[in-house]
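Listed below, chain by chain, are the residues.
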Amino acid sequence: MDDKLLIASRVAQELRPGTLVNLGIGLPTLVAGLVPRDAHIFFQSENGIIGMQSVPEHGLEDDDLTDAGGRPISALPGAATFDSAMSFGLVRGGHLDVTVLGGLQVDRNGRLANWMVPGKMVPGMGGAMDLVTGARRVIVAMTHTAKGEHKIVDECTLPLTSMRCVDLVVTELAVLRPTSDGMVLQELAPGVTVAQVQAATGTRLIVPDVVPTMASA
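In this text the structure is predicted, and so the values were computed from the model without any measurement.

(A) Region of interest: helix α1 (residues 3–12). Most of α1 sits inside the fold, with seven of its 10 residues counted as buried. In this structure, the buried side of α1 is in contact with β5 (98–101), β8 (137–141), β12 (168–170), β13 (174–179) and β14 (182–188). The N-capping residue of α1, defined by a side-chain oxygen 2.9 Å from the backbone nitrogen of K4, is D2.

What follows is the structure in structure tokens.
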């Protein structure tokens, strides 16, 4: 399975019926296509929709129906659209059950940096700061490293998105749970060893006696 699909598939298993879930730009948007249509999970995008579905079939795209990154989406029957004020009222008011975001760095205790790319002009942090602060549960879906550089680190060197710590990190190598004592190795991806995960991680992991294999579907 493709690394990004493996990550998105594992994240999808964290979502429960009846929950309101925000999907960030990029990899997290894949999650919407990996839950059953009858799962009663409601996907929100901060540009103003609840009832977002996965990417439409080729030729059925609508320029007026996109996610927060401008990528075409489709909408389930009964979907609701609204303005940014209402959308961010939901986010800041604590009404989101889960947000799934990408990451540039996560430190040993779960603090996230995900909005400033070194050496590149970026338009801003978008809704990331609001989402990490306002959602009841925060899941980071990201690759474990970038161009050989650690993304899970002892301390973030990029600007923090929020002082609030995330709840779970899912990569193509492992599922990790940040704690006040450090990063716990919760699951291993199929075929991956503890030694491989530790070598790809820039902080010392807390490794239980038994680490189960990640379920990919």
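(B) Summary view of the environment of G59. Assignment of secondary structure puts G59 in the loop between β3 (49–53) and β4 (74–81). Distance from G59 to E149, taken between C-alpha atoms, is 39 Å for residues 90 residues apart in sequence.

(C) Region of interest: the sheet that holds β4. In space, the nine strands of this open sheet follow the order β4-β3-β2-β1-β5-β8-β12-β13-β14, with mixed pairing throughout. Edge positions in the sheet fall to β4 and β14, since each has one partner strand and no second. If you compare each strand with its neighbour and ignore which way they point, the axes differ by 25° on average. The sheet contact formed by strand β1 (residues 20–23) and β5 spans three bridges and is parallel. Residue pairing for β5: V21 is matched across the bridge by V98.

(D) View of the sheet that holds strand β6 (residues 105–107). In spatial order, the strands read β7-β6-β11; together these three strands make up an open sheet with mixed pairing. Across the chains shown, the open sheet's two edge strands, defined by having one partner strand only, are β7 (112–113) and β11 (152–153). As defined by bridge partners, β6 adjoins β7 across two bridges and the pair is classed as antiparallel. Within β7, the position partnered with V106 by the bridge is L112.

Cut-offs and rules
Residues numbered from 1 in each chain as written. Predicted model: local features only at pLDDT ≥ 70, side-chain atom pairs only at ≥ 80, totals over all residues. Heavy atoms only, no water. Buried < 20%, exposed > 50% of the residue type's maximum accessible area, 1.4 Å probe, protein only. Helix = DSSP H or I, 4+ residues; strand = E, 2+ residues; numbered from the N terminus. Contact = heavy atoms within 4.5 Å. Polar contact = N/O pair within 3.5 Å; in protein donor to acceptor, adjacent residues only side chain to side chain. Pairing = 2+ DSSP bridges. Axes fitted to C-alpha atoms, helices over the stretch in contact; angles between N-to-C directions.

These figures capture arrangement, not role.
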